[in-house]
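# Analysis of the macromolecular model
Residues per chain, in single letters:
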Amino acid sequence: MDDTADRVALDVSQGVSRLENPFRALRDVLSRGGPSDRQVLDALAAAVYVTDAAGRITYYNEAAAALWGHRPTLGQDQWCGSWKLFWPDGRPLPHDQCPMAMTLKEGRPIRGVEAIAERPDGTRAPFIPYPTPLYDSAGRLTGAVNMLIDISDRRDTERAAQQLSAIVESAEDAILAKDLNGVITSWNAGAQRLFGYTADETIGKPVTLLIPPDRLEEEPKILSRIRAGERVEHFDTLRRRKDGSLVDIELTISPIRDRMGRIVGASKIARDITERRQAQAQQRLLLREMDHRVKNLFTIASSVVALSARSATSVADLATAVQERLSAMARAHALTLPAMLDGEPSIDRSTTLHALIGAIAAPYDDDRSHGARITVSGADAPVTGQAITSFALLLHEFATNAAKYGALSTPDGRVDIACAEDGELFTLVWTEHGGPPLHDQTINEGFGSQLARLTVTGQLAGQFSRHWRPEGLVIQMSVRRERLAG
């Protein structure tokens, strides 16, 4: 190819790549009409074809044939070589109304439209046409040239971007982006729900808007890692909401790169982990409680064996007595389990306070050779829901301590439990008699006593007190009646 052809190829390729009046370069090539110029058009990656003034196709290149999916008949097929044409919204586009036909009818270039070409095999290709009229030296219309720019890749990119945008916007997690200066550049609906700010209130603002003052040193470290191309995963921290409250979140931060691969910012996914933290705290409390209970159970089991041995007349009697008492303990212990375990449906349980006391007291009141060791008197009341667990735990702790240190640790000791109604309040007084002498009335509260106090004052919103008297311990508690319903 000579220098002229090389220059023409350069002019056309530059025009196509920039999409800046590509028809002008094509028109210049066609006006020269030399063999080398047609070779240039044949070699172009962009689809190009030419018609006469009546719209009959007189030339097309290989790229046009590939776009159409077939080869039209020169001098016969009109307007466009595509099998079928459609508007972007799917409506059929007759060939005699296509952009090329309008250019020939009106004698002017058509710009700013899109169309879809359907091939004989049924596949479709969206494109942008650039039809431009051709005139001879006398100003007469001699035909038109059209360049078709295939925008399939652009459509795929736009569709993927739209899908990604929809996913980000509908995500439950907070998703935001920031530049390398820490300025927020995007903000989804999840971020608004989590932090309370709208997009208008945050975009263009520094991300430190969300960071508590005592954690501001985190941001420079994060940006430094992002600039180095690192991804920050599962980073637990605290952030500040619009109302000033703090929220536990888990952050995942990834670099954002431009088309050249340069890091230009970071995307952040923030997940609210408040419930997870609460569950972890609850788990720790339950583990402490379990440890406490297991130790108590071993102590009580030893006491049961010792008490049973005092009255047993044979090995069989001893085995039976121990088995029955341990079974009663197991039934009482089951009442202190939560009403709902993870993954299991809630159980609607109800009983009365007297029945609950009887179940808890059964393991300690089995030997009645000297009469009942635990008596219940006064008003009864229904207990439902979570209140069952709370009261069972309380009574279990009272009885355990009495068996270990108090009245139930001696053969002749006993416990009186008096219940009473006082308006909206329900009171319970636990009084021990006949226990070992109390040498120190200022004993520090152990975990069980602390748990009992917190259960009454916290979960049941009641009042709780203990008094060490010479004849034994007295526990007084009162709760509002509605609290008995859980």
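Residues numbered from 1 in each chain as written. Predicted model: local features only at pLDDT ≥ 70, side-chain atom pairs only at ≥ 80, totals over all residues. Heavy atoms only, no water.

### Points about the overall build of the protein chain
Counting its regular elements, the protein chain contains 14 helices and 19 strands. Taken over 486 residues, the protein chain has a buried fraction of 40%. Of the contacts formed within the protein chain by residues at least 6 apart in sequence, a portion of 52% connects residues at least 24 apart. Accessible area for the protein chain stands at about 25,800 Å²; split by element, carbon and sulfur atoms hold 53% of it. (Helix = DSSP H or I, 4+ residues; strand = E, 2+ residues; numbered from the N terminus. Buried < 20%, exposed > 50% of the residue type's maximum accessible area, 1.4 Å probe, protein only. Contact = heavy atoms within 4.5 Å. Areas by Shrake-Rupley, 256 points an atom, 1.4 Å probe, with all protein chains shown as cover.)

### Comments concerning the pairing of strand 11 (residues 246-257)
Across seven bridges, strand 10 (residues 232-240) lies against strand 11 in antiparallel orientation. Within strand 11, the position partnered with F235 by the bridge is L251. Where strand 10 hands over to strand 11, the hairpin turn is made up of five residues, of which G244 adopts a positive phi near 90°. Summarising the sheet, strand 11 and strand 12 (residues 263-272) pair through nine bridges and their orientation is antiparallel. If you follow I249 over to strand 12, its bridge partner there is D272. Adjacent in sequence and paired antiparallel, strand 11 and strand 12 are bridged by five residues, among which G261 carries a positive phi angle near 85°. (Pairing = 2+ DSSP bridges.)

### Focus: the sheet that holds strand 8 (residues 174-179)
Pairing is antiparallel across the open sheet formed by five strands, whose spatial order is 9-8-12-11-10. Edge strands, defined here as strands with exactly one partner in the open sheet, are strand 9 (184-187) and strand 10. On average, each strand axis in the sheet is tilted by 30° relative to the strand beside it, whichever way the strands run. Taken strand by strand, helix 9 (residues 218-227) contacts strand 8, strand 10, strand 11 and strand 12, and its axis lies near 155° from that of strand 10. (Axes fitted to C-alpha atoms, helices over the stretch in contact; angles between N-to-C directions.)

### Thoughts on the nonpolar core
Within soluble globular proteins, side chains that are nonpolar tend to cluster in buried spots. Ranked by internal contacts, the top residues of the largest apolar core, which has 36 residues, are F391, F398, W430 and M477. Those elements that place two or more of their residues in this core are helix 12 (353-361), helix 13 (386-404), strand 16 (414-422), strand 17 (425-433), helix 14 (447-459) and strand 19 (472-480). Considering every element that reaches this core, the biggest residue donor is helix 13, with ten residues. Here W430 is in contact with L395, F398, A399, A402, V415, D416, I417, L473, V474 and I475, once residues within four sequence places are set aside. Ranked by size, the runner-up nonpolar core spans 23 residues in total, among them A47, Y49, A64 and L148. (Core = buried A, V, L, I, M, F, W, Y, C linked by side-chain atoms within 4.5 Å.)

### Some details on helix 12
What helix 12 keeps buried is the set L353, L356, I357, I360 and A361. Mapping the buried residues of helix 12 onto a view down its axis gives an arc of 125°, with all of them on the same face. (Arc of directions from axis to C-beta.)

### What about the pattern of salt bridges?
Tallying each qualifying case throughout the model produces 23 salt bridges. Across the pair R239 and E218 runs a salt bridge, and its minimum N-O distance is 3.0 Å. Of this pair, R239 sits in strand 10 while E218 sits in helix 9, placing them 21 residues apart in sequence. Accessibility classification places R239 together with E218 in one group, the buried group. When the shortest N-O distance is used, the salt bridge between R276 and E250 registers 3.4 Å. Note that R276 is positioned in helix 10 (residues 274-311) and E250 in strand 11, a separation of 26 residues in sequence. According to the relative accessible area criterion, E250 is buried, its value standing at 13%. If you follow the salt bridges from partner to partner, you end up with D236, D248, E250, R276 and R277 in one network. (Salt bridge = Lys/Arg side-chain N within 4 Å of Asp/Glu carboxyl O.)

### What to know about the environment of S152
Looking at the secondary structure, you find S152 in helix 6 (residues 152-170). By relative accessible area, S152 is classed as buried at 19%. If near-sequence neighbours (up to four positions away) are discounted, S152 is found in contact with A125 and P126. Side-chain polar atoms of S152 contact the side chain of D150, separated by 2.7 Å. (Polar contact = N/O pair within 3.5 Å; in protein donor to acceptor, adjacent residues only side chain to side chain.)

### Examining unusual backbone geometry
If you check the backbone angles, W79 has positive phi at about 70° while not being a glycine. Note on placement: W79 falls in the loop between helix 4 (62-68) and strand 3 (84-86). On the basis of relative accessible area, W79 is assigned to the buried category, the value being 14%. Residues other than glycine seldom take positive phi values, yet A461 does so here, at roughly 50°. If you trace the backbone, A461 turns up in the loop between helix 14 and strand 18 (463-469).

### Digging into the packing of aromatic side chains
Taken as a whole and assessed by the stated rule, the structure comprises five aromatic pairs. Seen from their ring centres, Y49 and W68 are 5.1 Å apart, and the 65° between their planes marks the pair as edge-to-face. Residue Y49 is found in strand 1 (residues 47-52), and its partner W68 is found in helix 4; the two are separated by 19 residues along the sequence. Residues Y60 and W68 carry aromatic rings whose centres are separated by 5.8 Å and whose planes lie at 65° to one another, so their mutual orientation is edge-to-face. Exposure remark for Y60: the relative accessible area of 15% places this residue in the buried category. When the ring centre of F86 is taken as reference, the NZ or CZ atom of R124 above it lies at 3.9 Å. (Phe/Tyr/Trp six-rings, centres within 6.5 Å; stacked < 30°, edge-to-face > 60°. Lys NZ or Arg CZ within 6 Å of the ring centre and 35° of its normal.)

### Side note on the confidence of the model for the protein chain
Per-residue pLDDT for the protein chain has a mean of 80; in total, 76% of the residues score no lower than 70. Residue range residues 338-348 is modelled with pLDDT below 50. Its contacts to residues more than four positions away, or to other chains, number ten contacts. (pLDDT = per-residue confidence, 0-100.)

### What about the pairing of strand 16?
Two faces make up the sheet, and in a regular strand the side chains alternate between them. Strand direction decides the pairing type here: strand 14 (residues 374-378) and strand 16, joined by five bridges, are parallel. Paired with V376 across the bridge in strand 16 is I417. With nine bridges connecting them, strand 16 and strand 17 associate as antiparallel partners. Bridging from a neighbouring strand, D422 pairs with L425 of strand 17. In sequence, strand 16 turns back onto strand 17 through a hairpin of two residues, with G423 there showing a positive phi of about 65°.

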